[in-house]
Protein chains: 4
Amino acid sequence: MTSGHALPEWSVQTWLNWPGDAAAPSLDGLRGKVVVIHTFQMLCPGCVAHGIPQAKAIHQAFPPDRLQVVGLHTVFEHHDAMTEVALRAFIHEYRIHFPVGMDMPGLQGQPIPQTMQAWRLEGTPTLLILDDLGRVRLNHLGQAEDLRVGAILGQLLAEAQHRAAA
Amino acid sequence: MTSGHALPEWSVQTWLNWPGDAAAPSLDGLRGKVVVIHTFQMLCPGCVAHGIPQAKAIHQAFPPDRLQVVGLHTVFEHHDAMTEVALRAFIHEYRIHFPVGMDMPGLQGQPIPQTMQAWRLEGTPTLLILDDLGRVRLNHLGQAEDLRVGAILGQLLAEAQHRAAA
Amino acid sequence: MTSGHALPEWSVQTWLNWPGDAAAPSLDGLRGKVVVIHTFQMLCPGCVAHGIPQAKAIHQAFPPDRLQVVGLHTVFEHHDAMTEVALRAFIHEYRIHFPVGMDMPGLQGQPIPQTMQAWRLEGTPTLLILDDLGRVRLNHLGQAEDLRVGAILGQLLAEAQHRAAA
Amino acid sequence: MTSGHALPEWSVQTWLNWPGDAAAPSLDGLRGKVVVIHTFQMLCPGCVAHGIPQAKAIHQAFPPDRLQVVGLHTVFEHHDAMTEVALRAFIHEYRIHFPVGMDMPGLQGQPIPQTMQAWRLEGTPTLLILDDLGRVRLNHLGQAEDLRVGAILGQLLAEAQHRAAA
């Protein structure tokens, strides 16, 4: 596991599972925490079968003051099917309780949304794990094993704790 | 397993995975075959996790001239999320190749669609199995075990064969 | 599914889960019932993961007066590990309640036991399904899908019922 | 997760998957590494279904110079079934490649073997995780989630690395 670069800030049109009067979540504002970003599409079978359940399990297993799970809905196909109203129903039915941002639509009618483009993601589901300094420590397309994901999270939490104590 | 009554004909607004110039499928027209009807909603987690994969497996395992699998999209909640365009994307992504009918919306703004109402279905997924005489031989809400479903299908296929040979 | 030949009678040294004072089970005595024979070795991973749970599920799902599940322990390797005392502990721990016969050791020190040899089985787990006339209707090495196994059993039960009623 | 006490040294009668001419593994000799001890019985269904696959996955996922997986066969029932020859066949069939110690039989005919008794283990499978200082950091009876186990291992590896660098 090599340490990586920071990501440019996400571009999100709407946040779900986030209080309307609160300042929008930002990568910058999450510095100091380990951040798990699950990028998905609600009609992507691999996201539904593996990615979403894993993100929910992470959200339940770790303390929210030290680790933040964020969903990012990066729609690059079937745009007229995966609308905000559809995503809201999906989040309700699948009992997702962490914040989910809707990636900003691509400029000039491009199908790839803006954050997905800026981060050069290659598909869904992609799991991104950032350490407390905001550096990418995992960028994984497809199904990621729980054991491996857990090990990365445990290491990053220990690193963060160590830095906080220094 | 007791033999049951015939169902009233379905009311379908649109058929997907069905040639546009062909006569619409009907229960009446399927007499002589064993019929498996998987009623579902595309945003129902149990349907996606269990019902759809089982219906696809049945579709692949049995000869189409003796057994017909039919999907029926019976939307009773989140109507503005589970539209035709969304269902088309879902069918594409989940690689469903059997015909899927969209149940006719409830009269006078009722949330329960017409076929679901007429058949008194209690939720999704519901698996209905009809014998070659059109009688309901299984009506199961929730996850149904493959072993049990297979046994019913095997018996009904044998009954149909026996009647055809008589 | 083609109809097959009858099997020569099994050669069993000891029956477990069978009353000691009862006549030993025989293929001949089971005529009239559908018979499911799960041949296995207690230290075969595929048997433990798939074959045994499937045989237990069949045993629970079907009426014992119409379908008989029989285990046959066909040890062809690690003979000194898979002894009768070990098999008894295995049957207890895995809560197997159908009769299990221990295949008769190979003649003249041959590793393949006698029934396995006579039936020309190629490994474990092998699932054999016989119809009510004693004919082999499935002979499957490895993991067999529940849906397919259920369909065969349903068909054979219907055939048996039809013959009994004739 | 609280830090715990060190364990008394194990009492092992025979090591499998360990070179005969090498010094026997000891807790003392493993100081400096994270140690994962999977205590099991070869005829315990939960061990076979969950514990052994998890221990194998840990063995494959982490660097052996920083983390050591050890199996401990703690037989407290069916002693005449789970013999050394049976365990050797089991290890071969289940492709276990980490060292496995056979716990020393209980004194004066007691069914609980000596290490299991000394460590006050309550059953199988029990997963024990020790940090590089030999302190117990997890003591879990039954199925343990991969995500949680991974997180503990990641944290302990980070702690060990930090201490080694200090």
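The coordinates are above.
Quick caveat: nothing in here was measured; it's all calculated off a predicted structure. (Residues numbered from 1 in each chain as written. Chains lettered and ligands numbered in written order. Predicted model: local features only at pLDDT ≥ 70, side-chain atom pairs only at ≥ 80, totals over all residues. Heavy atoms only, no water.)

Some remarks on the interface of chain B and chain A
Link 1 in the chain: At the junction of the two partners, chain B supplies 16 residues and chain A supplies 16 residues.
Link 2 in the chain: Here chain B and chain A share an interface that buries about 1,300 Å² over both sides, 68% of which is from carbon and sulfur atoms.
Link 3 in the chain: On inspection of chain B and its partner chain A, the count reaches zero salt bridges.
Link 4 in the chain: The tally of links between chain B and chain A comes to two residue pairs in polar contact (both at pLDDT 80 or more).
Link 5 in the chain: With six residues, the top contributor of residues to the side of chain B that touches chain A is helix 2 (residues 84-93) of chain B.
Link 6 in the chain: Of the residues that constitute the side of chain B that touches chain A, the class distribution is eleven nonpolar, two polar and three charged. (Contact = heavy atoms within 4.5 Å. Buried area = accessible area lost by both parts, 1.4 Å probe. Salt bridge = Lys/Arg side-chain N within 4 Å of Asp/Glu carboxyl O. Polar contact = N/O pair within 3.5 Å; in protein donor to acceptor, adjacent residues only side chain to side chain. Helix = DSSP H or I, 4+ residues; strand = E, 2+ residues; numbered from the N terminus. Nonpolar A, V, L, I, M, F, W, Y, C, P; charged D, E, K, R; others polar.)

Notes on the relation of the copies chain B and chain A
Link 1 in the chain: By a simple turn and slide, chain B fits onto chain A: the slide is 0.0 Å along the axis, the RMSD is 0.0 Å, and the turn is 180°. This pairing of chains is accounted for by a two-fold axis.
Link 2 in the chain: A share of 100% of interface residues in chain B that are also interface residues in chain A marks the association as one of identical surfaces. (Least-squares fit on C-alpha atoms with pLDDT ≥ 70 in both.)

A word on the pattern of salt bridges
Link 1 in the chain: Using the criterion set out here, one finds 24 salt bridges over all chains in the structure.
Link 2 in the chain: As a salt-bridge pair, Arg 137 of chain D and Asp 131 of chain D come within 2.8 Å of each other at their nearest N and O atoms. Asp 131 of chain D matches Arg 137 of chain D in its accessibility class, with the two residues each being buried.
Link 3 in the chain: Here the residues in one salt-bridge network are Asp 131, Asp 132, Arg 135, Arg 137, Glu 159 and Arg 163 of chain A, joined through shared partners. (Buried < 20%, exposed > 50% of the residue type's maximum accessible area, 1.4 Å probe, protein only.)

What to know about the sheet that holds strand 2 (residues 34-40) of chain D
All names here are of chain D.
Link 1 in the chain: Here six strands make up an open sheet; going across it, the order is 1-4-3-2-5-6 and the pairing mixed. Each edge of the sheet is formed by a strand with only one pairing partner; in this case those strands are strand 1 (12-16) and strand 6 (136-141). Strand-to-strand, the axes of this sheet are offset by a mean angle of 20°, without reference to chain direction.
Link 2 in the chain: Alignment of strand 2 against strand 5 (residues 126-130), held across five bridges, turns out to be antiparallel. Pairing of Val 35 across the sheet is with Leu 130, part of strand 5. (Pairing = 2+ DSSP bridges. Axes fitted to C-alpha atoms, helices over the stretch in contact; angles between N-to-C directions.)

Details of the relation of the copies chain C and chain D
Link 1 in the chain: Its rotation angle being 180°, the transformation that places chain C on chain D also includes 0.0 Å of axial translation and leaves an RMSD of 0.0 Å.
Link 2 in the chain: A shared interface surface links the copies, since 100% of the contact residues of chain C are contact residues in chain D too.

Here we look at the interface of chain C and chain D
Interface size is often expressed as the accessible area that is lost when the parts come together.
Link 1 in the chain: Between chain C and chain D, the residue contacts involve 16 residues of the former and 16 residues of the latter.
Link 2 in the chain: Between chain C and chain D, the buried area comes to about 1,300 Å², and carbon and sulfur atoms account for 68% of it.
Link 3 in the chain: The interface formed by chain C and chain D contains zero salt bridges.
Link 4 in the chain: Summed over the shared surface of chain C and chain D, the result is two residue pairs in polar contact (both at pLDDT 80 or more).
Link 5 in the chain: For the side of chain C that touches chain D, the elements supplying multiple residues, two or more each, are helix 1 (45-61) and helix 2 (84-93) of chain C.
Link 6 in the chain: Per element, the largest residue contribution to the side of chain C that touches chain D is six residues, and it comes from helix 2 of chain C.
Link 7 in the chain: Looking at the side of chain C that touches chain D residue by residue, the classes come out as eleven nonpolar, two polar and three charged.

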